[in-house]
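One-letter residues, chain by chain:
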Amino acid sequence: MTRDSLAERGARVVFIPPPLYYAAALAGGALLDQVIALPVGGRPATAIIGGVAAALGLAFTFSGVAAVIRHRTTIVPHRPVAHLITTGVYRLSRNPMYTGLAVAVTGCALLMGTWWPILLLPVTLVLITFLVIRPEERYLTARFDREYLDYRTAVRRWI
């Protein structure tokens with residue numbers, strides 16, 4: 001496949017919007033908590049910590065979204081990428097949106113007062129890694145070649 005045809009297609013990811021994986025961890029955790037309560041202690045401190053973590057996670061996520069918009073490329077994984085972004089929050093993480101959502105889920109779980117979403121989060125992260133991130137990485141390697149490989153060497157996948 002030529003570089004031009006790669007530019008016209010996106011990563012070969014499963015067509016489930018990544019935020020839904022995280023929402024499933026939260027919703028599933030809330031449902032499980034109704035069946036078998038797994039409360040987080042240390043109230044109200046854990047609720048405050050949860051609120052701060054959720055806010056920071058969402059801020060990190062939206063910083064990634066803003067960078068994508070600013071560079072006029074796409075946040076949709078299966079669409080073609082116009083530019084490789086390596087500045088801003090992308091200097092800290094190759095996947096700031098996914099990282100931020102993981103932190104936000106953790107914070108929301110603490111706010112909700114249940115461990116369940118946190119216990120479901122590793123499943124979410126494995127699914128995101130194998131169904132979204134790895135196909136994205138293969139696509140970006142083929143699309144940007146050495147530029148992406150250098151970036152991948154310099155910046156961690158998560159944080």
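As a reminder, the structure under discussion sits directly above these lines.
Since the model is a prediction, treat every value here as computed from it, not as a measurement. (Residues numbered from 1 in each chain as written. Predicted model: local features only at pLDDT ≥ 70, side-chain atom pairs only at ≥ 80, totals over all residues. Heavy atoms only, no water.)

**With respect to the nonpolar core**
One finds Tyr 22, Tyr 90, Tyr 98 and Ile 128 to be the most contacted residues of the largest nonpolar core, which totals 28 residues. Secondary-structure elements contributing two or more residues to this core are α2 (18-35), α3 (45-70), α4 (96-112), α5 (116-144) and α6 (146-154). At seven residues, the largest contribution of residues to this core is made by α5. Each residue touching Tyr 90, except ones within four places of it in the same chain, is listed here: Gly 64, Ala 67, Val 68, Ile 85, Pro 96, Met 97, Tyr 151 and Val 155. (Core = buried A, V, L, I, M, F, W, Y, C linked by side-chain atoms within 4.5 Å. Buried < 20%, exposed > 50% of the residue type's maximum accessible area, 1.4 Å probe, protein only. Helix = DSSP H or I, 4+ residues; strand = E, 2+ residues; numbered from the N terminus. Contact = heavy atoms within 4.5 Å.)

**Remarks on the environment of Arg 79**
Summarising the element assignment, Arg 79 is placed in the loop between α3 and α4. A residue is classified by how much of its surface remains accessible, and Arg 79, at 46% relative accessible area, is partly exposed. Considering only alpha carbons, one finds Arg 79 and Val 13, 66 residues apart in sequence, at a separation of 9.6 Å.

**Here we look at the environment of Phe 60**
Assignment of secondary structure puts Phe 60 in helix α3. Residues Phe 60 and Ala 104, spaced 44 residues apart in sequence, show a C-alpha to C-alpha distance of 9.3 Å. Among residues more than four places away in sequence, those in contact with Phe 60 are Val 89, Leu 92, Ser 93, Pro 96, Thr 99, Gly 100 and Ile 159.

**Quick notes on the pattern of salt bridges**
Per the stated rule, a full pass over the model turns up four salt bridges. A salt bridge links Glu 137 to Arg 157, with the shortest nitrogen-to-oxygen separation between them at 2.8 Å. With Glu 137 in helix α5 and Arg 157 in the segment after α6, this pair connects stretches of sequence that are 20 residues apart. Asp 150 is the salt-bridge partner of Arg 146, the closest N and O atoms lying 3.3 Å from each other. (Salt bridge = Lys/Arg side-chain N within 4 Å of Asp/Glu carboxyl O.)

**Re the side chain of Thr 61**
Along the chain, Thr 61 turns up in helix α3. By relative accessible area, which is 6% here, Thr 61 ends up buried. Separated by 3.1 Å, the side chain of Thr 61 and the backbone nitrogen of Leu 101 make a polar contact. (Polar contact = N/O pair within 3.5 Å; in protein donor to acceptor, adjacent residues only side chain to side chain.)

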